[in-house]
Amino acid sequence: SKELLPWVDTLGVNVRKTPQPFSILSWNILAQSLYESHYRSKRIQQVALSNNNPNPQLLHPPPHPWPKRLHKILQTLSHANADIICLQECE
């Protein structure tokens, strides 16, 4: 949920008489290299634990390559329309 917080002037140069609300979006987007290595290790584990003969097709690339993820991330950020955006695990 969005919580509106008033701006607190800590420098003594308040230009506005009325505090204006602002929004902050903080998001850990998970670095692509971490996403891919996690996906690969999970797929290798699934193949290794399966009773069938390992099928090389099971080790296909992750379902969300960077261009696809980037497009979704940009859509989400645009839709959020936040005043301040903080992203973690960016490459």
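Our subject is the structure listed above.
Predicted model only: the values in this text are computed from it and were never measured.

Each value, and the rule that gives it
Residues numbered from 1 in each chain as written. Predicted model: local features only at pLDDT ≥ 70, side-chain atom pairs only at ≥ 80, totals over all residues. Heavy atoms only, no water. Helix = DSSP H or I, 4+ residues; strand = E, 2+ residues; numbered from the N terminus. Buried < 20%, exposed > 50% of the residue type's maximum accessible area, 1.4 Å probe, protein only. Contact = heavy atoms within 4.5 Å. Phe/Tyr/Trp six-rings, centres within 6.5 Å; stacked < 30°, edge-to-face > 60°. Lys NZ or Arg CZ within 6 Å of the ring centre and 35° of its normal. Core = buried A, V, L, I, M, F, W, Y, C linked by side-chain atoms within 4.5 Å. Patch = residues over 30% accessible without salt bridge, like charges linked within 9 Å, V, L, I, M, F, W, Y side chains within 5 Å. Areas by Shrake-Rupley, 256 points an atom, 1.4 Å probe, with all protein chains shown as cover. Salt bridge = Lys/Arg side-chain N within 4 Å of Asp/Glu carboxyl O.

Asks: Can you explain the overall build of the protein chain? Please cite residues and give values.
Replies: Helix and strand counts for the protein chain stand at two helices and two strands. Listed N to C, the secondary structure of the protein chain is β-α-α-β in terms of helices and strands. A buried classification covers 15% of the 91 residues belonging to the protein chain. Taking as baseline every contact in the protein chain between residues at least 6 positions apart, the subset at least 24 positions apart corresponds to 69%.

Asks: I'd like a rundown of the packing of aromatic side chains, residues and numbers included.
Replies: The final tally for this structure, using the stated rule, is zero aromatic pairs. Over the aromatic face of Tyr 35 sits the side chain of Arg 69, whose NZ or CZ is 5.1 Å from the ring centroid.

Asks: Quick rundown of the nonpolar core? Include the residues and the values.
Replies: Leu 25, Ile 29, Ile 73, Leu 77 and Ala 82 form the largest nonpolar core, which has five residues in total. When sequence neighbours within four positions are dropped, the list of residues in contact with Ile 29 reads Arg 69, Ile 73, Leu 87, Gln 88, Glu 89 and Cys 90.

Asks: Provide a residue-level description of the environment of Leu 77, including the pertinent values.
Replies: Position of Leu 77 among the secondary structure elements: in helix α2 (residues 66-80). Through-space distance from the C-alpha of Leu 77 to that of Leu 25 is 8.4 Å; in sequence the pair is 52 residues apart. In contact with Leu 77, not counting residues within four places along its chain, are Leu 25, Trp 27, Ile 85 and Leu 87.

Asks: Describe a nonpolar patch on the surface, naming the residues involved and giving the relevant values.
Replies: Together, Trp 66, Leu 70 and Leu 74 line one region of the surface with nonpolar side chains, adding up to about 260 Å² of accessible area. Position of Trp 66 relative to the elements: it lies in helix α2.

Asks: Can you explain the environment of Ile 24? Please cite residues and give values.
Replies: If you trace the backbone, Ile 24 turns up in strand β1 (residues 24-28). Relative accessible area serves as the criterion here: at 51%, Ile 24 is assigned to the exposed category. Put simply, Ile 24 and Ala 80 are 56 residues apart on the chain and 9.5 Å apart in space, counted from C-alpha to C-alpha. Ignoring sequence-local partners within four residues, the contact set of Ile 24 consists of Ala 82, Ile 84 and Cys 86.

Asks: Break down the side chain of Gln 32 for me, citing the residues and quoting the values.
Replies: Looking at where Gln 32 falls in the secondary structure, it is placed in helix α1 (residues 32-49). Judged by relative accessible area, which is 7%, Gln 32 ranks as buried. Leaving out residues up to four positions away in the same chain, Gln 32 has contacts with His 64, Pro 65, Trp 66, Arg 69 and Glu 91.

By themselves, these figures tell us nothing about what the structure is for.
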